[in-house]
2 protein chains.
Amino acid sequence: MQHLNWIVPVVGLIGFLFAVVTRAQVIKQDPGTEKMRVIADAIAEGARAFLAAEYRVLVIFVAVLFVVIGLGTHSWITAGCFLVGSAFSTAAGYLGMSAAIRANCRTANAARVSGMNRALSIAFSGGSVMGMAVVGLGLMGVGTLYIVTGDVGVLSGFSLGASSIALFARVGGGIYTKAADVGADLVGKVEAGIPEDDPRNPAVIADNVGDNVGDVAGMGADLFESYVGSLISALTLGIIAYQTAGVLFPLLLSAAGILASVVGALIIKTGKNGDPHKALKTGEYSATALVVVCALILSRMFFGSFNAAFAVIVGLLVGVLIGFITEVYTSGDYRFVKRVAEQSETGSATTVISGIALGMQSTAIPILLVCVGIFLSYKLVGLYGIALAAVGMLSTTGITVAIDAYGPIADNAGGIAEMAGLDNSVREITDKLDSVGNTTAAIGKGFAIGSAALTALALFVSYAEAVKLTTIDILDANVIIGLFIGGMLTFLFSAMTMESVSKAAHQMIEEVRRQFREKPGILAGTDKPDYASCVSISTTAALREMFLPGLMAVAAPLIVGLLLGPSALGGLLTGSLVTGVLTAIFMSNSGGAWDNAKKYIEEGHHGGKGSPAHKAAVVGDTVGDPFKDTSGPSINILIKLMTIVSLVFAPLFLQYGGLL
Amino acid sequence: MQHLNWIVPVVGLIGFLFAVVTRAQVIKQDPGTEKMRVIADAIAEGARAFLAAEYRVLVIFVAVLFVVIGLGTHSWITAGCFLVGSAFSTAAGYLGMSAAIRANCRTANAARVSGMNRALSIAFSGGSVMGMAVVGLGLMGVGTLYIVTGDVGVLSGFSLGASSIALFARVGGGIYTKAADVGADLVGKVEAGIPEDDPRNPAVIADNVGDNVGDVAGMGADLFESYVGSLISALTLGIIAYQTAGVLFPLLLSAAGILASVVGALIIKTGKNGDPHKALKTGEYSATALVVVCALILSRMFFGSFNAAFAVIVGLLVGVLIGFITEVYTSGDYRFVKRVAEQSETGSATTVISGIALGMQSTAIPILLVCVGIFLSYKLVGLYGIALAAVGMLSTTGITVAIDAYGPIADNAGGIAEMAGLDNSVREITDKLDSVGNTTAAIGKGFAIGSAALTALALFVSYAEAVKLTTIDILDANVIIGLFIGGMLTFLFSAMTMESVSKAAHQMIEEVRRQFREKPGILAGTDKPDYASCVSISTTAALREMFLPGLMAVAAPLIVGLLLGPSALGGLLTGSLVTGVLTAIFMSNSGGAWDNAKKYIEEGHHGGKGSPAHKAAVVGDTVGDPFKDTSGPSINILIKLMTIVSLVFAPLFLQYGGLL
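All values reported here derive from a predicted model rather than from experimental measurement.

*Asks:* Any chance you could explain a nonpolar patch on the surface here in plain terms?
*Replies:* Where nonpolar side chains cluster on the molecular surface, the patch consists of Ile-559, Leu-563, Tyr-656, Leu-659 and Leu-660 of chain A and spans about 510 Å² of accessible area. With respect to the helices, strands and loops of the structure, Leu-660 of chain A is situated in the segment after helix H21 (650–656).

Here it is, written out as structure tokens:
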């Protein structure tokens, strides 16, 4: 079977090339009027400035970690894989974002010139660059390294590389986007009374940059990490249980997923689609159906039974269902968000309480779904089955990320239409695209959390193998201690990221106030605001504020593993996984619900825009901003990063673990 | 050694008699003017109405559970112990509350007639009835049942009885008090613009009843449960490890704790105390010192070494330190609360975000303290040591509950002084007593959580013994599933209790609005409001709304144990323990911090009362109300109740567990 190896990196390359070609097609489109181009250039410049600053810090971080890995694990091959993983994730992020920051004005222009269908097609194409780059480079990297090294053990280095970039992109990006958003809103909308996306607001460009940095690059890096993490975990568990077949099955399945995603993307791009929501769904479901067929064939081929395919299908289903539940809890079409909107009538306190209660309640079904997924996949194929479920859930990542990254592009397009003073009909089209984007973003977040949970769990099992633990006993006091510490780290990490947004937003508020004060011409429209200074504040703050939480995520498993030993570290990983998944779902859904409750009121319910209920809903939405776009998604990174650090440094813990 | 048995129930009886005598002394005091007596009677009547309604539901609940226990465990002795436990906890609650609802006006009157010292003495005496009733009846019950049955196994029934009452008192009481509080505040203070504790507010009596129902009876039942739970867990683990010595040590230590609490209470009551905070501290520390000495002597006597005493001391220290940390995070004297107050300047959203971040951050040190406690007590005496640490932490429960219950009495006294139109100097004294009470309440909450954590952990270990599990392996898929479900139950339970408050408060708001609308004379002061209808709304709502969360706490362990088996149930208990402790600390401390941030602003900072910052702080405080007084403390009950249900039904799981 080994001769099928080569298919894997080749299909990865196909995915990558699809991304490159799509990017070129996007760039070829007309970027619109002079005014639109100027605005788009400012956004692009801001995004590039953030990337450049991030890369400068990244290089040092990666270099230090490279040495630590080499010395700590005595395996410079692992350390080398780490470098490759960092490079591949960075490349995927760069490719995807460079397409997104060009697709925005071209989407707006298509809406202006050709209408809804063409605009959808361009926005989606822009997003699919990120989607296909993630899976293409991910599979190419894992496949090539597996062929070159012939050793699944060292691949964890690749995964750690992906995790490190995800830390920067998701946590840093999350702080960036919300500092800009909250800063722009509090001074612009509330104090100065100018509308959203008004070009007179000095933070408006930073806000639009944030959409790209946080929602495109951050989401892409997060799912790149899950994608390679679940794959590598399946390889390490698969080779133990089924030798080469156990390795080839997940690899070829992922290859099938890439091809299926390409087909789905083509359906969306070329179809005659009146309803954008339906168009996106059709593409996604087609890809899913194709993967299911391939899974059945491959499973029969490699194992002589359908069990492995069933585990994959379980994962896929759980992913789809979590997405659906997320929509139910966060969309204004259902009763949960309507209830939050209703509570806005008695003020902001009741809005906040009901949003928090909704978020906490919304954890129940996703957690039960994850449990059913674990139960079934384990019954079918053992621990390897859990990894296969994760691979299955992530097999359609290409199209999932594409649909997800489409949202911020449409959002940006709307911003550009507003700032460039385009006709209202343009804004209507982009608003429609954007509102679909909000739903897909919420679903994407649910999917990202679900996949992070299964990936972390699969990596955790690989960790136990690596440190040669056959049991991790809760009745061992050290394991209990680990569980408590792990759970606590989630809370501490969330507190840190929330505080970071709050500090960074404060700086932004001061800066916007300063500009309005010192140049009164800005508000009058006779003077130009200084966008660059706001961009620079967000950039600096994001990179400064992510240092402490990032350090904690890397250092905590090392300290606990060395002081209390591998069992306690196993407890820590489990504690942070369980608490982390819960907190991430809670925060994302509370935030999404507040956002849409506000929009629901703006549609004219409970007094509509400007009513007391609307004011209360705005408070909820502002509380929800760091919940859903910073702390919540960052927890995905925390749980995966801590697990992969533990896996990579397993040799260290075997030798020195348990000093106390 | 067996002949020392009799000391235990006798000392329990002494504690109980101390409570009875103190109660008689309190009642003997002058209840004050006619007007004060009328108000106090209304509060007392409301409290009795709640108790009567609660008892009607309780009788059915207890009867059903009695039969279920008898049939499920085939041990009618266990079921009998359950009845006794329910009866004892109910008796302690009744005794304590009947003293508290009389101490309030007498405290106000002492403040009017004799000044601070006398007022403090009466308020504290009122609280110490609850404190000594809890420990006296707790120890008497456990000691007597142990002598009579000679079987530590059946004692878990007693603990389950205590837990059932705690469920009603803490969850029901928590919903009661916040429905009344939020309802009274939102219509009275915000809409009608009348001050707190204004007799024109129809919900004002319900609000004052709530202080007694939630903070006196609820806290008492919570700690009664912890007290007997930790003791019984120490007995079950002690008899395995050290036979009779392992049983007698914790029993005699608890007896010593009761006597030490009596001494501490006498110091507080009779001392010349200028500063109430210092007086309470002196009493508490004296009791603690006495327990330490006794622990050393008993440990040497029973085990020939000090290790057991050290485990006890570790528990005591962890309890004291958690209390201190809680104070640092929730008192206006420290920078954390000041930072929340500062964030109020940019509006309610930033107030809410910073309060949530504070609460999440505040979990770190208490969790690390609990971990150090587990680590050391386990190193010293093994799993039995963890139970001893819990017993140690709770050995001074008598005085801790006394100090804690003092708070709501002082609060009530202030309310009565206000409503009866007493001189401002009286209100100044009660305000001073009340502000000390706020700090002790926050500390008491921290202590309740810490002790619930250790108790639940000790009971969990007993559970593992009872279902004959020597390991509970996280690498078993069923255990992971249990962990996820357990964690999720905490979130779901919190969501339910928050929603309950919100629904009940809504009803209260409607009723108060209706009264103001239909009888305009109420606000003019010419017509009397109908207090009873508000009391009845809170009562009905509390009992109705606690049904679902209560059912869940009892049913979830039974369902998981039967379907997935004892290991998965072990996972569930651990998951809910870890997540529960974190969430309880987070919610209690966020709530406490918002409360005191508001008070800090009211003292004149950031613009003082009525400023925009104050309005924002009021929103934070309202969000914090269900956090700190309903959901947070209720989680203590959830984690203990689920564990004790699992322990009691261990025989059932051994026989039928793991149907799937």
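*Asks:* Just to check I follow, could you spell out the UniProt feature "site: Determinant of potassium dependence" (unreviewed entry) in chain A for this structure?
*Replies:* Mapped onto this numbering, the UniProt entry annotates "site: Determinant of potassium dependence" (unreviewed entry) at Ala-441 of chain A. With respect to the secondary-structure elements, Ala-441 of chain A resides in helix H14 (residues 424–466).

*Asks:* I tried to follow the side chain of Asp-222 of chain A on my own but got confused; where do I start?
*Replies:* The residue Asp-222 of chain A is located in helix H6 (residues 204–270) in this model. If near-sequence neighbours (up to four positions away) are discounted, Asp-222 of chain A is found in contact with Ala-166, Arg-170, Ala-448, Pro-633, Asn-636, Ile-637 and Lys-640 of chain A.

*Asks:* When you look at the nonpolar core in this model, what are you seeing that I'm missing?
*Replies:* Nonpolar side chains tend toward joint burial in soluble globular proteins. Within the largest apolar cluster, 520 residues are counted, with the highest numbers of intra-cluster contacts made by Ile-374 of chain A together with Ile-374 of chain B. If near-sequence neighbours (up to four positions away) are discounted, Ile-374 of chain A is found in contact with Ile-386, Leu-454 and Leu-457 of chain A together with Ala-477, Ile-480, Ile-481 and Phe-484 of chain B.

*Asks:* What should I look at first to understand the interface of chain A and chain B in this one?
*Replies:* Put simply, an interface is often sized by how much accessible area is lost when its parts join up. Counting residues at the interface gives 69 residues for chain A, matched by 70 residues for chain B. Of the roughly 6200 Å² buried at the junction of chain A and chain B (both faces included), carbon and sulfur atoms supply 82%. Applying the counting criterion to the chain A and chain B interface returns two salt bridges. Across the pair Arg-339 of chain B and Glu-499 of chain A runs a salt bridge whose closest N-O atoms are separated by 3.0 Å. Applying the counting criterion to the chain A and chain B interface returns six residue pairs in polar contact (both at pLDDT 80 or more). At 20 residues, the largest contribution of residues to the side of chain A that touches chain B is made by helix H15 (residues 477–518) of chain A. For the side of chain A that touches chain B, the per-class residue count stands at 45 nonpolar, 18 polar and six charged.

*Asks:* Sorry, what's going on with the packing of aromatic side chains here?
*Replies:* The description of two aromatic rings rests on the distance between their centres and on the angle between their planes. Residue and element names in this part refer to chain A. Summed over the entire model, instances satisfying the criterion amount to 27 aromatic pairs over all chains. For the pair Phe-306 and Phe-310, a centre-to-centre distance of 6.3 Å together with 50° between the ring planes defines the contact as tilted. The class for Phe-306 is partly exposed, based on a relative accessible area of 34%. For Phe-310, a relative accessible area of 39% corresponds to the partly exposed category.

*Asks:* Help me out: how do you make sense of the relation of the copies chain A and chain B in this one?
*Replies:* Between the two copies of the chain lies a rotation about an axis combined with a shift along it. For the match of chain A to chain B, the screw axis carries a shift of 0.0 Å, the RMSD comes to 0.0 Å, and the turn is 180°. Expressed as a symmetry operation, the mapping of one chain copy onto the other fits a two-fold axis. The C-alpha atom lying nearest the rotation axis in chain A is that of Asp-473 of chain A; the distance is 2.3 Å. When you check the interface residues of chain A against chain B, 100% turn up at the interface there too, and the contact is symmetric in its surfaces.

*Asks:* Where do I start with the packing of helix H5 (residues 156–192) of chain B against helix H20 (residues 612–648) of chain B in this structure?
*Replies:* Between two packed helices, both the angle of their axes relative to each other and the distance between the axes serve to describe the pair. All names here are of chain B. Running from N to C, H5 and H20 cross one another at 165°; their axes reach a closest spacing of 9 Å. Considering the angle they form, H5 stands roughly antiparallel to H20. Handedness of the crossing formed by H5 with H20: left-handed. Looking at the contact of H5 with H20, its residues break down into 14 nonpolar, ten polar and six charged.

*Asks:* Honestly, the pattern of salt bridges in this entry has me stumped. Any pointers?
*Replies:* Where charged atoms from two side chains of opposite charge approach closely, those side chains can pair. Residue and element names in this part refer to chain A. In total, this model carries 46 salt bridges over all chains according to the counting rule given. Asp-222 serves as the salt-bridge partner of Lys-640, at 2.5 Å between the closest nitrogen and oxygen. With Lys-640 in helix H20 (residues 612–648) and Asp-222 in helix H6, this residue pair connects regions lying 418 residues apart in the sequence. With relative accessibility at 1%, the residue Lys-640 sits in the buried group.

Quick notes on the rules
- Residues numbered from 1 in each chain as written.
- Chains lettered and ligands numbered in written order.
- Predicted model: local features only at pLDDT ≥ 70, side-chain atom pairs only at ≥ 80, totals over all residues.
- Heavy atoms only, no water.
- Patch = residues over 30% accessible without salt bridge, like charges linked within 9 Å, V, L, I, M, F, W, Y side chains within 5 Å.
- Areas by Shrake-Rupley, 256 points an atom, 1.4 Å probe, with all protein chains shown as cover.
- Salt bridge = Lys/Arg side-chain N within 4 Å of Asp/Glu carboxyl O.
- Helix = DSSP H or I, 4+ residues; strand = E, 2+ residues; numbered from the N terminus.
- UniProt positions renumbered as here; feature names shortened; annotations may be inferred.
- Contact = heavy atoms within 4.5 Å.
- Core = buried A, V, L, I, M, F, W, Y, C linked by side-chain atoms within 4.5 Å.
- Buried < 20%, exposed > 50% of the residue type's maximum accessible area, 1.4 Å probe, protein only.
- Buried area = accessible area lost by both parts, 1.4 Å probe.
- Polar contact = N/O pair within 3.5 Å; in protein donor to acceptor, adjacent residues only side chain to side chain.
- Nonpolar A, V, L, I, M, F, W, Y, C, P; charged D, E, K, R; others polar.
- Phe/Tyr/Trp six-rings, centres within 6.5 Å; stacked < 30°, edge-to-face > 60°.
- Least-squares fit on C-alpha atoms with pLDDT ≥ 70 in both.
- Axes fitted to C-alpha atoms, helices over the stretch in contact; angles between N-to-C directions.
- Parallel < 35°, antiparallel > 145°, perpendicular 65-115°, else oblique.
- Left-handed = near helix turned anticlockwise from the far one by under 90°.

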